[in-house]
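Here are the chains, one letter per residue:
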Amino acid sequence: MESIILQILNGLDKGSAYALIALGLTLIFGTLGVVNFAHGALFMLGAFVAVTVKNLLNLSFETIDETRLDFLNRPLRVQTPYVEHWFGPEIGATIIDWSVPLALIVAVPVMALIGVAMERGLIRHFYKRPHADQILVTFGLAIVLQEIIKANFGANPIPTPAPEIFIGSFDFGVWLGFDPYAIMYPYWRLVYFGFAAVVVGAVFAFLQFTTFGMVVRAGMADRETVGLLGIDIDKRFVIVFALASIVAGFAGVMYTPILSPNYHMGMDFLVLSFVVVVVGGMGSLAGAVASGFLLGILQSFASMTQVIELIPGINQVVIYLVAVIVLLTRPRGLLGRKGVMEE
Amino acid sequence: MLGLNKADTRLYVIILIMLIFAPFILNPFPDGSSLAQFNAGYPDMMQKLVIFGIFAVGFNILFGLTGYLSFGHAAFLGVGSYAGVWMMKLLTMNVIPALILSVLAAGALSLIIGFVSLRRSGIYFSILTLAFAQMCYSLAYSVLTPITGGETGLQLSLDDPRVIGTSQTASGNIPVPHFFGIEMGQGITIDVGAWSFVFNFGYYFAATVFALAMFLAIRLFRSPFGLMLRAVKSNQSRMSYTGLSSRPYALAAFVISGMYAGLAGGLMVAMDPLAGAERMLWTASGEVVLMTILGGAGTLIGPVLGAGVIVYLESIISTINEAVLHGWFSGLPAWLDSVFVTIIKPFVGEGWHLLLGAVFMLVVIFLPGGIVEGGQRLGRLFRRDGARGRKNGAPKNGAPKNGTDSAEQPGE
């Protein structure tokens, strides 16, 4: 029992990331009809927004402390971050410690700008082109973005820790009445799951309860009719693209303490997120979220030693296997609308 | 000649001549000169050029003719490599059985993957092939380690139970791949003045295989079967109205192109007998897509050009560093020199992939027909009757959709 709960929990954080990326992917596909292979790159850019914010907050100036000596008996050079200088050492240290959550605030305008630039500059010209062209050009864009990051930040993963109070693990075992230390779960992953739930909820609420969201949903259902009603649907879809890229950026920012960002993390997640979207149903928001969590949990179950002993290698292939089965038996996906990309 | 029409014969003869004289053509700069780094006439490079040429030509049979965009073709290349190494381990160091097994193994795998994947089309097909290739990659890394060698890759060793031939040479080394006794590494070097031209047997063997593969591809393009494949691309529902099922044709194209990939994998092993799982990674699949699109999908010569350009530029550009750049612009004023170097530097050396991605995007956006279409546009600009031809109904912007039109006139 303990191990089952543990596997479900382990699947949640990866599932949350899949769900957030897939949500943006399917939103773009549902509204704009574009297959965006560069969406993983947006996730990666989000993670590097966090890295940049961390680096900026750690910018320091050097002072020479005459009273202390270093090991060569020279006056000690002390690095003081500007933030600590401005706000006092204690508040400054706290700000630096909280750099990852603070990066979320920076991520909103940055990711929105990147999203709008991407849509207006490139993807807009590909609405009428075949899906293969869309895949190819966004694939090229993903390579370019990833290489720019590699050129600026290097090829090695950059550790970006969570705030100190979230370091350590939560003892679920005691809480649920099992033995202590039976189910340990890092605090930050709990935070990530909660964060993902809030973001998903916010996106749904936005689309469900605002006039803007209503227009977007109408546009997803029948773009032409909405246009005939005199609504400039293209303008709204730009905002949708920006929204999707903010969501992907958020997912990336908050994922940095779990996985130190590197330049190819976007591609790694992209392939799986596509599988998630396909399993959930192209253009279905609820499907993307549900299948994100489903596949995340499934993957962690398949990684259990008992399962691997039974079917060797299953942990490596389970997600792809599920995708193949779903595509062959129910091509529109678990929650997909009838007739969407079903040919 | 050999069932080719006049234009195709001309194209084929040009290809043959280029293949035979490649050691000269690719070695235009004398050794020791500052331009010698742009030479490509050394065996490794020439072998790579023809091998990736085969890979891209095969991929084009699927993508160029039927329009099915596979993102998992590297899996067949990888399986071909593994099969080739195993044949060398168990049977003989002669490369012919290794190549045959490579083609058969890749063909069998592509039959299975194609049978399942072709039930869907469009983006679903791309994702299915991607999923299958990733599965092969993950399995090769984990469970199949006894067969694939896992992370270290599959190599020959001194105690291979080789049925025909010996497991070690008299001097205690691992025997090298050969073709009925002629070793792949053999070759002669001719020194002419400051130039030295290397004639490597391995290259000429690979080039012969390439010539055969290319001949088959031309015949296939011109055959009624090739016409059916184009029908799959242009309109599947109309095809089924006429009572033809498109799936067997698409599957045949998929298996043929998988076998080409396997052949390329087998040749890689014949030149250098080791195989690793990274050959199956999806970025490797992406690379062959880039080659085909860059050259011009659906044309005969396009994929070869694309493969050549990418393989050549990859090895040349990744060796350029800042010092080399400064050397180029040393004649200019210092500030101009540093401006140029700052602009160019991100795109060379380590930044080669950035250049590749950027060029690829530009090609997809502005030149969907690739290099071949670019050449055709240039040719039309310079020919007088070209202008009249355009007026008489050819599309104004001259952009054939995905190169279907340009497939009719290769090499122009």
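Structural data are supplied above this passage.
About the thresholds
Residues numbered from 1 in each chain as written. Chains lettered and ligands numbered in written order. Predicted model: local features only at pLDDT ≥ 70, side-chain atom pairs only at ≥ 80, totals over all residues. Heavy atoms only, no water. Helix = DSSP H or I, 4+ residues; strand = E, 2+ residues; numbered from the N terminus. Rg over C-alpha atoms; globule rule 2.2 N^0.38 Å. Contact = heavy atoms within 4.5 Å. Buried < 20%, exposed > 50% of the residue type's maximum accessible area, 1.4 Å probe, protein only. Lys, Arg positive; Asp, Glu negative; His and termini not counted. Charge placed at Lys NZ, Arg CZ, Asp CG, Glu CD. 1 Å grid on protein atoms, 1.4 Å probe; cavity = no way out; pocket = protein on both sides within 12 Å on 5 of 7 lines; lining within 4 Å. Points joined across faces, edges and corners; volume = space filled by probe spheres on them. Nonpolar A, V, L, I, M, F, W, Y, C, P; charged D, E, K, R; others polar. Buried area = accessible area lost by both parts, 1.4 Å probe. Salt bridge = Lys/Arg side-chain N within 4 Å of Asp/Glu carboxyl O. Polar contact = N/O pair within 3.5 Å; in protein donor to acceptor, adjacent residues only side chain to side chain. Phe/Tyr/Trp six-rings, centres within 6.5 Å; stacked < 30°, edge-to-face > 60°. Lys NZ or Arg CZ within 6 Å of the ring centre and 35° of its normal. Pairing = 2+ DSSP bridges. Patch = residues over 30% accessible without salt bridge, like charges linked within 9 Å, V, L, I, M, F, W, Y side chains within 5 Å. Areas by Shrake-Rupley, 256 points an atom, 1.4 Å probe, with all protein chains shown as cover. Arc of directions from axis to C-beta. Expected span 1.5 Å × (residues − 1).

Draft legend 1. Quick peek at the overall build of chain B. When helices and strands are tallied, chain B shows 18 helices and 6 strands. Its C-alpha radius of gyration of 23 Å places chain B within 12% of the 22 Å reference for a compact globule of 412 residues. C-alpha extents for chain B along the principal axes are approximately 70 × 70 × 45 Å. Counted over contacts in chain B with a minimum sequence separation of 6, partners at least 24 positions apart contribute 71%.

Draft legend 2. View of the overall build of chain A. Across its full length, chain A carries 15 helices and 4 strands. Since a compact globule built from 343 residues should have a radius of gyration of about 20 Å, the 23 Å found for chain A is in line with a globular shape. Its C-alpha atoms give chain A principal-axis dimensions of roughly 75 × 50 × 35 Å. In chain A, which comprises 343 residues, the proportion classed as buried is 52%. Long-range contacts, defined as pairs at least 24 residues apart, comprise 71% of the intrachain contacts of chain A with a sequence gap of at least 6. Within chain A, one finds 19 positive and 23 negative side-chain charges whose respective centroids are separated by 12 Å.

Draft legend 3. Just empty space enclosed by the protein, in detail. All names here are of chain A. Within this structure, the stated rule accounts for 2 cavities of 30 Å³ or more. What the second largest cavity holds in volume is close to 40 Å³. Lining the second largest cavity are Leu-25, Phe-29, Val-34, Val-35, Asn-36, Phe-274, Val-277 and Met-282. Residue assignment for the lining of the second largest cavity shows that the elements contributing at least two residues are α1 (2–32) and α12 (265–280). Partitioned by chemical class, the residues of the lining of the second largest cavity number 7 nonpolar, 1 polar and no charged.

Draft legend 4. Local environment of the interface of chain B and chain A. Each side of the interface is counted separately: chain B has 36 residues, and chain A has 37 residues. Summed over both partners, the interface of chain B with chain A buries about 3,500 Å², with 80% contributed by carbon and sulfur atoms. On the chain B side of the interface with chain A, the three residues burying the most area are Ile123(B), Tyr124(B) and Trp282(B), jointly 20% of the side's total. Our count for the contact surface shared by chain B and chain A stands at 0 salt bridges. Linking chain B to chain A there are 1 residue pair in polar contact (both at pLDDT 80 or more). Sorting the residues of the side of chain B that touches chain A by element identifies α6 (122–141), α12 (282–295) and α16 (352–366) of chain B as the ones contributing at least two each. Looking at the side of chain B that touches chain A residue by residue, the classes come out as 24 nonpolar, 9 polar and 3 charged.

Draft legend 5. Region of the structure containing the packing of aromatic side chains. As enumerated under the stated definition, the model contains 34 aromatic pairs over all chains in all. Taken together, a centroid distance of 5.8 Å and an interplanar angle of 55° make the contact between Tyr18(A) and Phe269(A) tilted. Residue Tyr18(A) is located in helix α1, and its partner Phe269(A) is located in helix α12; the two are separated by 251 residues in the primary sequence. When sorted by exposure, Tyr18(A) lands in the same class as Phe269(A), which is buried. The rings of Phe21(B), Phe24(B), Phe197(B), Phe199(B), Tyr203(B) and Tyr204(B) are connected pair by pair, giving a single aromatic cluster. Here the basic side chain of Lys89(B) rests over the ring of Trp86(B), its NZ or CZ set 5.7 Å away from the ring centre.

Draft legend 6. Examining the side chain of Thr92(B) more closely. Residue and element names in this part refer to chain B. Tracing the chain through its elements places Thr-92 in the loop between α4 (74–90) and α5 (95–117). Taking relative accessible area as the criterion, Thr-92 reaches 9% and is therefore assigned buried. A distance of 2.9 Å separates a polar atom in the side chain of Thr-92 from the backbone nitrogen of Asn-94. With residues near it in sequence (within four places) discarded, Thr-92 still touches Met-87, Pro-97, Arg-162 and Ile-164.

Draft legend 7. Layout of the side chain of Asn36(A). On the secondary structure map, Asn36(A) appears in the loop between α1 and α2 (39–57). Take Asn36(A): its relative accessible area is 0%, and that puts it in the buried class.

Draft legend 8. Focus on the pairing of strand β1 (residues 60–69) of chain A. Residue and element names in this part refer to chain A. With 7 bridges joining them, β1 and strand β2 (residues 75–81) adopt antiparallel strand pairing. Bridge pairing in β2 links Phe-61 to Thr-80. Taking the residues between adjacent antiparallel strands as the criterion, β1 and β2 are bridged by 5 residues, where Asn-73 takes a positive phi near 65°.

Draft legend 9. Quick look at a nonpolar patch on the surface. Residue and element names in this part refer to chain B. Together, Val-13, Ile-14, Ile-17, Met-18, Ile-20, Phe-21, Phe-24 and Ile-25 make up an exposed nonpolar region whose accessible area comes to about 700 Å². Elements with a contribution of two residues or more to the nonpolar patch: α1 (6–20) and α2 (22–25). With 5 residues, α1 is the single largest residue contributor to the nonpolar patch. Position of Ile-14 among the secondary structure elements: in helix α1. Among the residues examined, Ile-14 registers a relative accessible area of 47% and is labelled partly exposed.

Draft legend 10. Helix α9 (residues 211–221) of chain A, seen in detail. Residue and element names in this part refer to chain A. Within the span of α9, buried status applies to Phe-212, Gly-213, Val-215, Val-216, Gly-219 and Met-220. For α9, the buried positions fall inside an angular range of 160° around the axis, keeping them on one side. Every exposed residue of α9 that faces more than 90 degrees away from the buried side is listed here: Thr-211 and Ala-221. Looking at the buried positions of α9, the neighbouring elements they touch are α1, α8 (187–209), α10 (223–228) and α11 (233–255).

Draft legend 11. Quick peek at unusual backbone geometry. All names here are of chain B. We note that Phe-180 has phi near 45°; this positive angle belongs to a residue other than glycine. The residue Phe-180 is located in the loop between β2 (178–179) and β3 (182–183) in this model. Judged by its relative accessible area of 61%, Phe-180 falls in the exposed class.

Draft legend 12. Focus on the pattern of salt bridges. Residues and elements named next belong to chain A. Applying the stated criterion across every chain, the model contains 8 salt bridges over all chains. The residue Arg-129 makes a salt bridge to Asp-133 at a minimum N-O spacing of 2.9 Å. Relative accessible area serves as the criterion here: at 22%, Arg-129 is assigned to the partly exposed category. Exposure remark for Asp-133: the relative accessible area of 7% places this residue in the buried category.

Draft legend 13. Layout of α16(B). Across its 15 residues, α16(B) extends 21 Å between first and last C-alpha, which sits within 8% of the 21 Å expected from 1.5 Å per residue. The set of residues buried in α16(B) consists of Trp352(B), Leu354(B), Leu356(B), Gly357(B), Phe360(B), Met361(B), Val363(B) and Val364(B). Elements in contact with the buried residues of α16(B): α6 (131–153) of chain A together with α12, α13 (302–317) and α17 (370–382) of chain B.

Draft legend 14. Structural detail: the environment of Ile135(A). On the secondary structure map, Ile135(A) appears in helix α6. Through-space distance from the C-alpha of Ile135(A) to that of Gly11(A) is 29 Å; in sequence the pair is 124 residues apart. Ignoring any residue separated from it by four or fewer positions in sequence, one finds Ile135(A) in contact with Val35(A), Phe37(A), Leu69(B), Phe71(B), Ile123(B) and Ser126(B).

Draft legend 15. A look at the pairing of strand β4 (residues 187–192) of chain B. Residues and elements named next belong to chain B. Of all the 6 residues making up β4, 0 are buried; the element is thus mostly uncovered. As paired strands, β4 and strand β5 (residues 195–200) are joined by 6 bridges and run antiparallel to one another. Bridging across to β5, Asp-191 finds its partner in Ser-196. The loop that links β4 with its antiparallel partner β5 comprises 2 residues; one of these, Gly-193, has a positive phi angle of about 60°.

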